[in-house]
Amino acid sequence: MEGTYVLRVECADAKGLIHKITGVLYRHGLNIIQNGEFVDIEKKRFFMRTQVSGQTDPVRLKREIERALPKDSSVSLDKDRKKELILLVTKEPHCLGDLLVRHEYGEIHANIRAVIGNHETLKPLVSKFKIPFYHVSSDKGTQRSRETKIHAILGKYQPEYIVLAKYMRILSADFVSRYKNRIINIHHSFLPAFAGKNPYQQASERGVKIIGATAHFVTTQLDKGPIIAQDITRVDHSHRVADMAQAGKDVEKIVLAEALRLALEDRIFVSGNKTILFD
């Protein structure tokens, strides 16, 4: 099959790994477009992301690479394509609106298949982009029954990633476990400081000088999953609480979009509770 592929390798570190991998690629007549590798010295683990182009049999290529590597190796080979996304939202429109606009103009390498909201507040916004909106009320039924409904929607679309675009609800451990390293969340970076309600009011009263945002994979430990992307913006004494909140929303949009780009381009390896990024 002719095309562009992304090869991802993780295995125990050893001498000659790059030579072995690129040797297989050469024998298949593939051209390396981009390559990156990293060795975690403490864990003695080798990571490599390689983008190649040409005509090949991907099944045979993957098998030959696996044979050339240690037995514990994890190898994936995916043809470049748009991935499928489902967005989960509550009432805040800034992250959702940003992703919908980027999607409309081809700025994210994905198809947003549907949006699921626990309120109907954002349904009119989603309808402008002709994307299905599903309402699964957070006020009806048990958490288990609500998540069963969400599972059914996800099963219909089979997304690679689920994006919590300011979805202000805690997902159960059972739900999260079904989609390991596939749920991406965005939140302000004050945590663990200023937890609870009105974080920007608390931050203003403390006189903070920077406001940040963090995008991470969701795990069963609340807000402690592997971090994908972070950024900050500076504020000072002249910023009112509303100004700080707006600054926070602006940086959240940028960080979430960056985290999605990295995920959609297969640039993230999860190692324990941290990420290794090839950018």
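A. Molecular detail of the packing of aromatic side chains. Under the definition given, this model contains seven aromatic pairs. Between Phe175 and Tyr179, the aromatic rings sit 5.2 Å apart at their centres with planes inclined by 50°, giving tilted as the arrangement. The class for Tyr179 is buried, based on a relative accessible area of 10%. Relative to Tyr200, the ring of Phe190 lies with its centre 5.5 Å away and its plane at 70°, an arrangement referred to as edge-to-face. Within this pair, whereas Phe190 is found in the loop between strand 9 (183-188) and helix 7 (199-206), its partner Tyr200 is found in helix 7, the two being separated by ten residues in sequence.

B. Just the sheet that holds strand 8 (residues 161-164), in detail. Taken in spatial order, the seven strands line up as 7-6-5-8-9-10-11 in an open sheet, and their pairing is mixed. In this open sheet, the two strands that pair with only one neighbour each are strand 7 (133-135) and strand 11 (227-234). Averaged over all pairs of adjacent strands, the angle between their axes in this sheet comes to 20°, without regard to strand direction. Bridge count between strand 9 and strand 10 (residues 210-217): five bridges; the pairing is antiparallel.

C. View of the pattern of salt bridges. For the coordinates displayed, the defined rule picks out 18 salt bridges. Close ionic contact of Lys166 with Glu252 constitutes a salt bridge, the shortest N to O distance being 3.2 Å. Taken together, the positions of Lys166 in the loop between strand 8 and helix 6 (173-178) and Glu252 in helix 8 (residues 241-264) put the pair 86 residues apart, joining distant regions of the chain. This pair shows no difference in class: Lys166 is buried, exactly as Glu252 is. Note that Asp279 is salt-bridged to Arg261, the shortest N-O span being 2.8 Å. Here Arg261 lies in helix 8 and Asp279 lies in the segment after strand 13 (274-277), a separation of 18 residues in the sequence. Since its relative accessible area comes to 64%, Asp279 is described here as exposed. Using a relative accessible area of 26% as the deciding quantity, one classes Arg261 as partly exposed.

Scoring rules and cut-offs
Residues numbered from 1 in each chain as written. Predicted model: local features only at pLDDT ≥ 70, side-chain atom pairs only at ≥ 80, totals over all residues. Heavy atoms only, no water. Phe/Tyr/Trp six-rings, centres within 6.5 Å; stacked < 30°, edge-to-face > 60°. Buried < 20%, exposed > 50% of the residue type's maximum accessible area, 1.4 Å probe, protein only. Helix = DSSP H or I, 4+ residues; strand = E, 2+ residues; numbered from the N terminus. Pairing = 2+ DSSP bridges. Axes fitted to C-alpha atoms, helices over the stretch in contact; angles between N-to-C directions. Salt bridge = Lys/Arg side-chain N within 4 Å of Asp/Glu carboxyl O.

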